[in-house]
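Tertiary structure, described
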Amino acid sequence: MAKWLRMKWLIPLAVIVLLLSACSTKNGNEAPKEPAEKPVTSGDLEPLEKREKVVIAEDGAASGAGFYIATEKGYFEDYNIEVEFAQFNNSDEMLPALAAGEVDIAGGVSTASFFNAIAQGIDVKIIGDKGHNVPGKSYFTFVIGNHMVDEIKDYADFKGKRIAVSSYNSIDEYIFQEMIKHAGLTEDDVEFVLMGDFGSMLGAIDSGTIDAALNIEPLITQGVENGFHVRFGDATDYAPESQIALVLGSPQFMNVEQDVSLRFMAAYLKGVRDYNDAFMKGINKDEIIEIMTKHTALKDADLWEKVYVTGLDPNGAMFIDDIYAQYEAYKNNGAIQGEVDLEKAIDTSMTEKAIEIIGKYEED
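Please read these numbers as outputs of a predicted model, since none were measured by experiment. (Residues numbered from 1 in each chain as written. Predicted model: local features only at pLDDT ≥ 70, side-chain atom pairs only at ≥ 80, totals over all residues. Heavy atoms only, no water.)

**Considerations on the sheet that holds strand 7 (residues 191-194)**
Formally: For two strands to count as paired, DSSP must find a minimum of two bridges between them. Labels follow the DSSP assignment, with helices taken as runs of H or I lasting at least four residues and strands as runs of E lasting at least two, numbered in each case from the N terminus. Inter-axis angles, ranging from 0 to 180 degrees, are taken between N-to-C directions of lines fitted to C-alpha atoms, where helices are fitted over the stretch in contact. Contacts were defined at the residue level, with two residues in contact if any of their heavy atoms lie within 4.5 Å.
With mixed pairing, the five strands of this open sheet are ordered in space as 7-6-8-5-9. Here the strands that pair on one side only, and so sit at the sheet edges, are strand 7 and strand 9 (229-231). Ignoring which end each strand starts from, the neighbouring axes of this sheet average 35° apart. Summarising the sheet, strand 5 (residues 140-145) and strand 9 pair through three bridges and their orientation is antiparallel. Directly across from valine 143, in strand 9, lies its bridge partner arginine 231. Its contacts with the sheet put helix 6 (residues 171-183) on strand 5, strand 6 (162-165), strand 7 and strand 8 (212-216), and the angle it makes with strand 5 is roughly 65°.

This is the structure:
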């Protein structure tokens with residue numbers, strides 16, 4: 001299916017000037033010329049001459065904050081870019097659409113099936129960070145049941161326990177494996193419980209069906225608030241630089257439509273920076289929380305004050321070494337058929353160009 005774009009030509013300013021100069025007053029004198037209105041700029045790049053639509057596959061996840069904030073704050077509009085959010089049932093449907101250019105940008109997580117799709121010829125580009133754990137405040141980490149509080153004091157105490165994880169051969173199992181190694185245990189020392197629904201883990205851990213779970217915000221905080229479980233440790237104890245989610249780009253968007261993709265990335269990173277300013281520095285936090293409640297499933301503004309938020313790098317940087325490590329882990333498990341040229345699949349060039357233009361975000 002060809003990519004749909006609705007383009008509107010701007011009327012050249014010269015034509016406006018000519019039309020104005022042709023008008024006259026009742027006494028035959030020329031009407032005074034009005035000053036031409038300057039195009040809106042963002043202070044770094046001129047807007048596109050033609051309005052362009054960028055289609056983003058996004059499901060309301062909190063890790064899409066940069067997209068939502070840039071939309072609401074007008075950063076895309078500054079560049080004459082219109083964004084449209086598209087819904088897909090699963091990543092298997094999204095990846096072919098992305099490769100075909102029907103979708104320009106998408107969010108993805110590391111799984112063996114993702115790398116298999118690339119190995120089988122699905123051409124997508126990994127272009128930037130869309131989610132990592134913040135040290136000491138991991139948004140994707142382990143919780144334990146209240147019945148385990150007095151029993152599990154250290155990671156080694158997971159021995160013999162029933163631990164729920166949402167999927168095999170994915171970032172979920174990868175983090176689970178990293179925790180087990182950190183604990184000095186093997187897979188045979190614990191009971192791996194496959195539970196695909198994060199929400200179901202709340203009831204299971206509360207009832208004692210499972211002892212621990214690798215869960216995600218805001219369910220972690222909601223579970224704590226309702227007394228279902230407590231946090232245990234932090235994922236950065238054993239996976240300090242784990243790349244959880246990725247910004248993906250279509251090859252057409254990244255390689256051919258570079259004027260659009262460069263501006264898109266600049267606007268996106270401005271949104272991510274506002275997000276970091278809000279949640280890491282407390283700047284304009286109420287405004288950003290309002291945007292997040294509008295676009296995500298977490299509608300409780302008060303809960304946004306309590307959750308451990310997704311880490312989003314304000315310069316778009318990824319933990320590239322960890323992407324390689326995840327790929328090798330899936331390959332060693334026999335879950336990947338074929339080879340993936342990660343040097344080709346990972347393309348940070350447009351993100352780096354955008355940083356050169358808008359400047360590097362410096363942490364305080």
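Okay, back to it.
**Remarks on the packing of aromatic side chains**
Filter applied, for reference: Note on aromatic contacts: the rings of Phe and Tyr and the six-membered ring of Trp form a pair at centre separations within 6.5 Å, being stacked when their planes are under 30 degrees apart, edge-to-face when over 60 apart, and tilted otherwise. The rule is simple: take the accessible area with a 1.4 Å probe, protein chains only, and divide by the maximum for that residue type; under 20% is buried, over 50% is exposed, in between is partly exposed. Whether a charge sits over a ring comes down to the Lys NZ or Arg CZ being within 6 Å of the ring centre and within 35 degrees of the ring normal.
If you walk through the whole model with that rule in mind, you get 19 aromatic pairs. Plain terms: the ring middles of phenylalanine 76 and phenylalanine 264 are 4.9 Å apart, the flat faces sit at 20° to each other, and that makes the pair stacked. Highlighted residues: phenylalanine 76 in helix 3 (residues 75-78) and phenylalanine 264 in helix 10 (residues 258-281), separated in sequence by 188 residues. In this structure phenylalanine 76 comes out as buried when scored by relative accessible area, which is 2%. With a relative accessible area of 0%, phenylalanine 264 lands in the buried category. Both rings, one in phenylalanine 142 and one in tyrosine 238, keep their centres 6.4 Å apart while their planes meet at 55°; by these two values the pair is tilted. Here tyrosine 238 lies in the loop between strand 9 and strand 10 (243-249) and phenylalanine 142 lies in strand 5, a separation of 96 residues in the sequence. Looking at tyrosine 238, the relative accessible area reads 7%, which means it is buried. Three or more aromatic residues joined by ring pairs make a cluster, and in this case those are Phe67, Phe76, Phe253, Phe264 and Tyr268. Positioned above the aromatic ring of tyrosine 308, the side-chain terminus of arginine 231 is 3.7 Å from the ring centre.

**Focus on the pairing of strand 8**
Sheet faces and side chains relate simply in a regular strand, where the side chains alternate between the two faces. With four of five residues buried, strand 8 is to be regarded as a mostly interior element. Taken together, the five bridges between strand 5 and strand 8 define a ladder with antiparallel strand orientation. Bridging across to strand 8, phenylalanine 140 finds its partner in isoleucine 216. The sheet contact formed by strand 6 and strand 8 spans two bridges and is parallel. Bridging from a neighbouring strand, alanine 164 pairs with alanine 213 of strand 8.

**Description of the pattern of salt bridges**
Stated formally: Any carboxyl oxygen of Asp or Glu within 4 Å of a side-chain nitrogen of Lys or Arg constitutes a salt bridge here.
Per the counting criterion, the structure on display carries 16 salt bridges. Ionic pairing is found between aspartate 277 and lysine 281, a salt bridge with its closest N-O pair at 3.8 Å. Linking aspartate 277 with lysine 281, this pair stays in helix 10, spanning four residues, or about one helical turn. Accessibility expressed as a relative area gives 17% for aspartate 277, which makes it buried. Look at the salt bridges and you will find they share partners, linking Arg51, Glu77 and Glu82 into a network.

None of this, on its own, says anything about what the molecule does.
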